[in-house]
Amino acid sequence: MCARRAGRTIDLLRLSANFTRDPYPVYEKLRAQGPVHHVRPPDGPEVYLVVGHEACRAALTDPRLSRDWRNSGDMSQIVNAAPDDPSLAHMALSDPPDHTRLRRLVTREFTSRRIDGLAPRVQEITDSLLDDMTAGGRRRADLVAELALPLAMTVICELLGVPELDRTSFHRWSNEILAPTSPEAEAGAYTEQAAYLPRLIDAKRAAPGDDLLSALIHTVDGDGDRLSPDELIGMCSLLLIAGHETTVNLIGNGTRTLLAHPDQLAVLQEDPALIDNAIEEILRYDGPVESAQERLALQDITLAGTLVPAGSTVRIVLAAADRDAARFDAPDSFDIRRETSGHIAFGHGLHHCLGAPLGRLEGRTAIRTLLERCPALAADADPATLTWVPGMLLRGVRELPVRW
């Protein structure tokens, strides 16, 4: 069967002025017309958008769609940073065999045992933050600023060994790198981060501690392979940024979704043992990552019957895939008892998120403890007034006022 060419370029904001706040109706319309479309997104140049569950899973494992923009494409199409910036030398911007090698070296230290061992500390940080949030009889707070963000930032920085004084800077840099407010701000964040990370690594090399970054500096595999200086900078950048931004959104989206569905909130409060499945349903229904990072078509490709020319940028929309009625019954319904297997909120294939177990640990600890401590929790702002993270990479709000 011959591949069809994409029709006219679709302006996503013209389909809905509320696209950033609620993109799901737009994705539903697009899926009804087909799984692949040529679109103009709100945050960059035209791309091919993949929105069907089956098509997204296939695209995420298609070797003809590359993440190695440094060697195969024009890096300026996806980031406003110098192509040789060492913070870009990481596994999320590589293909096999480089990706295989880099992930193997990191996985040696980013073990399930290390993550499981963090559970008591995650609980301790959560309890301390909630103590502060509810101190003195307070009944209102911004859940992002007072729980989700400090929890995620503290956990990942302690895991990697980043000094407390530097954590505010890291959050500012990661905001601009993942959801830039302007090209200038994005470029500045890359420049400042590139100046800081070598100093941090040098300090860890001189005085190693019991942290992941110190371990990564000294880890050597059976063949004597180890991370290069640039690869250490890139891996540190990747883990710090991806390791907290997605968790902030998971906690924020999860709480916001539960408050918007009081029947499901009541079910969870009556049966806290449902927390693990509730987290999976939150990930499926309104996960922290809207679309996977951009892929580059290395050659003319037929994706789900649509021709994607060589050199095109492809965006695979995880959020659209997980609301596909071809995969999930009543996908726009939020049901914490649902069978959620098959969702791709953390990606799929060789770029599946390495930090997914840590994100799940923090998400369930934060939400479970919050509901235990604040059983009368309620939203304290009109959802239409919330400030959303810009762009199509992350999905979340900058603030979440609540009361109890």
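Before any of the text, the structure's been laid out above.
Residues numbered from 1 in each chain as written. Predicted model: local features only at pLDDT ≥ 70, side-chain atom pairs only at ≥ 80, totals over all residues. Heavy atoms only, no water.

Caption draft 1: Focus on the layout of surface pockets. For the second largest pocket, the calculated volume is near 420 Å³. Taken together, 22 residues form the lining of the second largest pocket, with Arg256, Ala260, Pro383, Trp388 and Arg395 sitting closest to its centre. The set of elements that each furnish at least two residues to the lining of the second largest pocket consists of helix H2 (24-33), helix H12 (229-260) and helix H14 (275-286). Considering every element that reaches the lining of the second largest pocket, the biggest residue donor is H12, with four residues. The residue makeup of the lining of the second largest pocket, split by class, is twelve nonpolar, two polar and eight charged. (1 Å grid on protein atoms, 1.4 Å probe; cavity = no way out; pocket = protein on both sides within 12 Å on 5 of 7 lines; lining within 4 Å. Points joined across faces, edges and corners; volume = space filled by probe spheres on them. Helix = DSSP H or I, 4+ residues; strand = E, 2+ residues; numbered from the N terminus. Nonpolar A, V, L, I, M, F, W, Y, C, P; charged D, E, K, R; others polar.)

Caption draft 2: Seen up close, the packing of aromatic side chains. The final tally for this structure, using the stated rule, is five aromatic pairs. On the basis of an interplanar angle of 85 degrees and a centroid distance of 5.4 Å, the ring pair of Phe170 and Tyr196 is categorised as edge-to-face. Linking Phe170 in helix H9 (residues 167-178) with Tyr196 in helix H10 (residues 183-206), this pair joins segments that are 26 residues apart in sequence. When its relative accessible area of 9% is taken as the criterion, Tyr196 is described as buried. Each residue in the set Phe170, Trp173 and Tyr196 is aromatic and connected to the rest through ring pairs, giving one cluster. Lying over the aromatic face of Tyr24, Arg323 brings its terminal NZ or CZ to 3.7 Å of the ring centre. Seen from the ring of Phe328, Arg327 lies directly overhead, with NZ or CZ sitting 4.8 Å from the centre. (Phe/Tyr/Trp six-rings, centres within 6.5 Å; stacked < 30°, edge-to-face > 60°. Buried < 20%, exposed > 50% of the residue type's maximum accessible area, 1.4 Å probe, protein only. Lys NZ or Arg CZ within 6 Å of the ring centre and 35° of its normal.)

Caption draft 3: Here's a closer look at helix H5 (residues 98-107). Where H5 is concerned, the buried positions are His99, Leu102, Arg103, Leu105 and Val106. Down the axis, H5 shows its buried residues gathered within 160 degrees of arc, on one side only. Looking at the packing, one finds that the buried side of H5 touches helix H11 (212-218) and H12. (Arc of directions from axis to C-beta. Contact = heavy atoms within 4.5 Å.)

Caption draft 4: Examining the environment of Pro262 more closely. Inspection of the secondary structure puts Pro262 in helix H13 (residues 262-270). Along the chain, Pro262 and Ala378 lie 116 residues apart, while their C-alpha atoms are 9.3 Å from each other.

Caption draft 5: Quick look at the packing of helix H8 (residues 143-160) against helix H16 (residues 356-373). Their axes nearest at 11 Å, the elements H8 and H16 cross at an angle of 145 degrees. Once H8 is placed against H16, the crossing between them reads as right-handed. Across from Leu143, Leu147, Leu151, Ala152, Val155, Ile156 and Leu159 in H8, the residues of H16 making contact are Leu358, Glu362, Ala366 and Leu370. Residues that form the contact of H8 with H16 fall into these classes: ten nonpolar, no polar and one charged. (Axes fitted to C-alpha atoms, helices over the stretch in contact; angles between N-to-C directions. Left-handed = near helix turned anticlockwise from the far one by under 90°.)

Caption draft 6: Geometry of the sheet that holds strand S4 (residues 47-50). One open sheet accounts for six strands, arranged S2-S3-S4-S10-S7-S5; its pairing is mixed. Only two strands of the sheet have a single neighbouring strand rather than two, namely strand S2 (10-11) and strand S5 (65-66). With four bridges connecting them, strand S3 (residues 36-40) and S4 associate as antiparallel partners. The residue bridging His37 from the neighbouring strand is Leu49, located in S4. Its contacts with the sheet put helix H3 (residues 53-60) on S4, S5, strand S7 (295-297) and strand S10 (313-316), and the angle it makes with S10 is roughly 125 degrees. (Pairing = 2+ DSSP bridges.)

Caption draft 7: Just the side chain of Asn253, in detail. As for its placement among the helices and strands, Asn253 is situated in helix H12. By relative accessible area, which is 0% here, Asn253 ends up buried. A distance of 2.9 Å separates the side chain of Asn253 from the backbone oxygen of Arg395, its partner in a polar contact. (Polar contact = N/O pair within 3.5 Å; in protein donor to acceptor, adjacent residues only side chain to side chain.)

Caption draft 8: Layout of the pattern of salt bridges. Taken as a whole and judged by the stated rule, the model has 25 salt bridges. A salt bridge links Asp11 to Arg40; the nearest nitrogen and oxygen atoms lie 3.8 Å apart. Remark: Arg40 occurs in strand S3 and Asp11 occurs in strand S2; sequence separation between them is 29 residues. Residue Asp62 pairs with Arg64 through a salt bridge whose shortest N-O separation is 2.8 Å. A relative accessible area of 13% places Asp62 in the buried class. Under the relative-accessibility criterion, Arg64 is labelled partly exposed at 29%. (Salt bridge = Lys/Arg side-chain N within 4 Å of Asp/Glu carboxyl O.)

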